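An overview of the molecular structure
In case you want the letters, here they are:
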Amino acid sequence: MCGVPGQQNRNELIAELEEKARRIRVLVVKMAGMSDCHTGGALSMADILAVLYFRILTLDPRNPQWSGRDYFILSKGHCVPSLDAALAMRGFFPEETLTTHLERDSMISGHACARLTPGIDVSTGSLGHGLSIGVGCALGIKMDREPNRVFVVLGDGELQEGSNWEAVMAAAHHRLDNLVAIVDRNWYQTGATEEMMRLEPLADKWASFGWSVLTIDGHDVAAIVDTLESVPFEQGRPSVVIANTVKGKGVSFIETRHMARFDEAQLRAALHELGA
Amino acid sequence: MAKPFARVLLELADADPRVCAVSCDCRGFIAPLAEQFPQRAIEIGIAEQNLIGIAAGLAVRGKIPFAIGMNPFVTMRCFEQVRTDLGYGARNVKVIGAYGGGVVYGGWGCTHHAIEEMALMRLIPTMTVVMPADAWETEQAVRAAAIREGPFYISLARGAAVVEQPEEARSFELGKAVLLREGDAATIIGVGPTVADALRAGDLLESQGIAARILEMHTVKPIDREAILRAAEETPVIVTIEEHTVIGGLGGAVAEVLAEAGAGTPLKRIGLQDVFAVMSGSQQDLKSRYGITAEAVVKEILHPSGAGAHHKDTKNTKLRGVP
Ligand SMILES: Cc1ncc(C[n+]2csc(CCOP(=O)(O)OP(=O)(O)O)c2C)c(N)n1
Ligand SMILES: [Mg+2]
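The following refers to the structure shown.

**Here's the deal with the sheet that holds strand β6 (residues 152–155) of chain B**
Residues and elements named next belong to chain B. The 7 strands lie next to each other as β2-β1-β3-β4-β6-β5-β10, forming an open sheet whose pairing is mixed. What marks the edges here is a single partner per strand, and that holds for β2 (41–43) and β10 (219–221). Averaged over all pairs of adjacent strands, the angle between their axes in this sheet comes to 20°, without regard to strand direction. Pairing of strand β1 (residues 19–23) with β2, which is carried by 3 bridges, proceeds in the parallel orientation. The residue of β2 that forms the bridge with valine 22 is isoleucine 42.

**Observations regarding the environment of B:Cys26**
Residue and element names in this part refer to chain B. When you line up the elements, cysteine 26 lands in the loop between β1 and α2 (27–36). Distance in space between the C-alpha atoms of cysteine 26 and leucine 250 is 27 Å, their sequence separation being 224 residues. With sequence-adjacent residues up to four places away left out, cysteine 26 is seen in contact with Glu43, Ile68, Gly69, Met70, Ala98 and Tyr99.

**Quick notes on unusual backbone geometry**
Here the bond from A:Glu200 into A:Pro201 is cis, since omega is 0°, no more than 30 degrees from zero. Here A:Pro201 shows up in the loop between α7 (193–196) and α8 (202–208). A cis geometry characterises the amide bond from A:Val231 onward to A:Pro232, with omega recorded as -10°. With respect to the helices and strands, the residue A:Pro232 is situated in the loop between α9 (221–229) and β5 (239–244). Residue B:Thr126 is not a glycine yet carries a positive backbone phi of 70°. Counting through the fold element by element, B:Thr126 comes out in the loop between α6 (117–122) and β5 (128–130). The class of B:Thr126 is exposed, set by a relative accessible area of 55%.

**Here we look at the coordination of the magnesium ion (ligand 2)**
Residues and elements named next belong to chain A. Surrounding the magnesium ion (ligand 2) are the protein donor atoms Asp156 (OD), Asn186 (OD1) and Tyr188 (O), which sit 2.1 Å from the metal. Sequence spacing of the donors to the magnesium ion (ligand 2): D-x29-N-x1-Y. Given the relative accessible area of 29%, tyrosine 188 is considered partly exposed.

**Notes on the nonpolar core**
By size, the foremost hydrophobic cluster in this structure holds 62 residues, and its most contacted members are A:Leu52, A:Tyr53, A:Phe72, A:Phe151, A:Ile182 and A:Leu228. Broken down by element, the residue count for this core peaks at 11 residues, all from helix α1 (residues 7–32) of chain A. Beyond its immediate sequence surroundings of up to four residues, A:Tyr53 is in contact with A:Leu59, A:Phe72, A:Leu83, A:Ala86, A:Leu87 and A:Arg90. Listed in part, the 43 residues of the second largest apolar core include B:Leu58, B:Ala67, B:Met131 and B:Ile189.

**Some thoughts on the packing of helix α9 (residues 225–234) of chain B against helix α10 (residues 250–261) of chain B**
Residue and element names in this part refer to chain B. Their axes nearest at 10 Å, the elements α9 and α10 cross at an angle of 65°. Seen from above, α9 lies across α10 with right-handed handedness. For the pair α9 and α10, the contacting residues are Arg225, Ile228, Leu229 and Ala232 in the first and Val254, Val257, Leu258 and Ala261 in the second. A breakdown of the residues in the contact of α9 with α10 according to their chemical character gives 7 nonpolar, no polar and 1 charged.

**Observations concerning the packing of helix α5 (residues 130–143) of chain A against helix α6 (residues 162–173) of chain A**
Residue and element names in this part refer to chain A. Contact pair α5 / α6: the axes reach a minimum separation of 8 Å and the direction vectors enclose 25°. By the criterion of interaxial angle, the relationship of α5 to α6 is roughly parallel. Two packed elements cross with a definite hand, and for α5 against α6 that hand is left-handed. Residues Leu131, Ser132 and Val135 of α5 touch α6, and the partners they reach there are Ser163, Asn164, Ala167, Val168, Ala170 and Ala171. Residue composition of the contact of α5 with α6, grouped by class: 6 nonpolar, 3 polar and no charged.

**Some details on the packing of aromatic side chains**
Enumeration according to the criterion identifies 8 aromatic pairs over all chains in this entry. Judged by centre distance (6.0 Å) and plane angle (65°), the ring pair of B:Phe5 and B:Phe66 falls under edge-to-face. Here B:Phe5, found in helix α1 (residues 2–15), pairs with B:Phe66, found in strand β3 (residues 64–70); they are 61 residues apart in sequence, far enough to count as distant. We classify B:Phe66 as buried; its relative accessible area is 0%. Of the aromatic side chains, those joined through ring pairs into one cluster are A:Trp165, A:Trp206, A:Phe209 and A:Trp211. Above the ring of B:Phe37, the side-chain terminus of B:Arg40 is found at 4.3 Å from the ring centroid. The residue whose ring lies beneath B:Arg158 is B:Tyr105, and the NZ or CZ to ring-centre distance is 4.7 Å.

**Focus on the site of ligand 1**
Among the 24 residues in the neighbourhood of ligand 1, the closest are listed as A:Lys76, A:His78, A:Asp156, A:Lys247 and B:Glu48. One finds residues of chains A and B in close proximity to ligand 1. Between A:Gly157 and ligand 1, the recorded distance is 2.8 Å, taken from a backbone N or O atom to an oxygen atom. If ligand 1 stood free it would expose 600 Å²; the protein chains cover 97% of that surface.

Cut-off values and rules
- Residues numbered from 1 in each chain as written.
- Chains lettered and ligands numbered in written order.
- Predicted model: local features only at pLDDT ≥ 70, side-chain atom pairs only at ≥ 80, totals over all residues.
- Heavy atoms only, no water.
- Pairing = 2+ DSSP bridges.
- Helix = DSSP H or I, 4+ residues; strand = E, 2+ residues; numbered from the N terminus.
- Axes fitted to C-alpha atoms, helices over the stretch in contact; angles between N-to-C directions.
- Contact = heavy atoms within 4.5 Å.
- Buried < 20%, exposed > 50% of the residue type's maximum accessible area, 1.4 Å probe, protein only.
- Donors = N, O, S within 2.8 Å, 3.2 Å for Na, K, Ca; no water.
- Core = buried A, V, L, I, M, F, W, Y, C linked by side-chain atoms within 4.5 Å.
- Left-handed = near helix turned anticlockwise from the far one by under 90°.
- Nonpolar A, V, L, I, M, F, W, Y, C, P; charged D, E, K, R; others polar.
- Parallel < 35°, antiparallel > 145°, perpendicular 65-115°, else oblique.
- Phe/Tyr/Trp six-rings, centres within 6.5 Å; stacked < 30°, edge-to-face > 60°.
- Lys NZ or Arg CZ within 6 Å of the ring centre and 35° of its normal.
- Near = heavy atom within 4 Å.
- Polar contact = N/O pair within 3.5 Å; in protein donor to acceptor, adjacent residues only side chain to side chain.
- Areas by Shrake-Rupley, 256 points an atom, 1.4 Å probe, with all protein chains shown as cover.

The following block contains the structure:
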């Protein structure tokens, strides 16, 4: 996309992406001010989405079905509000569309819906589907000998679904180095993940299945850029990023919450925290 | 229905040490049990297949587990576990669809619509399938499930239909339809949340001087053949209404009874006509777009459509003269 930037350009790029992430959060918070919303998990992955949509993914918003695109699958489909925000900001549809969340005949949906929303390739919402679809997509790209890549964002609670581990095994077996999984490790599902069903040692699990693993701070935009720009981490292996995040990041009073809808005062407070 | 369910679960567990629960990230449904009997309330995380397997294992050990997951996921993701480990295995496990079936999730999307749950669960030999309409019926259904040996599915609604009967006048018997209103011009059969639509259709007809019989079919399997055949005999048309595909659910089950008995009574199945409800909007928006409404029921009775419509028109003397 861009050449290797100098340090100053690099700093500008990071600042720009941080601003995009902030903007995604502002849009999500506004959606949560109008309707029920899986706000916590939408906010925790905002930095990841900003980097993907404004730095990493090769896309054409005027032609969402372009065969040269990188594929993005939001396996934790309930967090679609921040994806909708990123897609709108990237020009797939007007930002005003975001004000119609859950309304009659909206183009956006409460869970990622490929049949309604331009820019979404796979309908999700039932947890534990996305990674297998990502494996299939990556295999198809290999068949075509094309350079497209597949990025799948997963929830941590979602990893309790056994289907994920079937996909994890298959991706390593088929040496899918064009597949990147990103785990939004926010440590909560509807309750605390390690209490409900322990995932740790999570990085070891992926590594033992044959993936190349990096663990990063999922709110450190520079780290996300460095990490995602370096995929595949190893030739011949799928890459997974375990991104440690905070559920509800950016709005202190909903941290760790799964769903949150804001009343007027909360909306004002949340926007204030985000500098909007 | 988390509250009435959780209350009765605790009551049952208190009375019988074999009663326990396994939850698939549905804490609200087991919280009171977990407080009183922590060992008998098992959280297994988001893993429906594991949920059913573990419940089957508990039953192997002689327990009476309630396995709780969200309606679409607990009936579809682990269908084979339910079919083979509970059905074929003849296990005394009670599968609970939590948070609501049908299109109660509205614009949250088709992944969360449970529009196949009755059909799927009905397919499994020995499975009892119940969809209560309100809190009172939920409590009765959960108690009945604990007593009845064998696999059992309860689809818990979110919100409640108004059944409009005083509690002391109500009865709940597995496999027995509830006669909500007497009438002879038509029979309307509802299940779960659509009992409200059936009753409203009854009101609309009544305002035109037409008395429809209204049946609530909380037990979809084993279905009340007797009530259906009586309706076929005594009323000239039957309309079923469900927030479910018309294939294999309430409408499907009623059709099977009518056809096999050789009853010529026309049947109209209101529900999703072999389509997904792909749209954003409220539950009500989806129901009206896809024709799952009291108005649709009334229209089918007054101005029948489709094959057999003509036959129905001429046969239904009780409707003569109605525009
Ligand atoms: C198969 C399936 N089972 C259950 C659910 C209900 N559900 C929706 S979100 C959620 C918690 C998800 O937690 P996590 O994956 O950690 O996502 P995040 O924290 O990013 O919101 C659950 C249990 C579902 N959507 N799909
Ligand atoms: Mg999480």
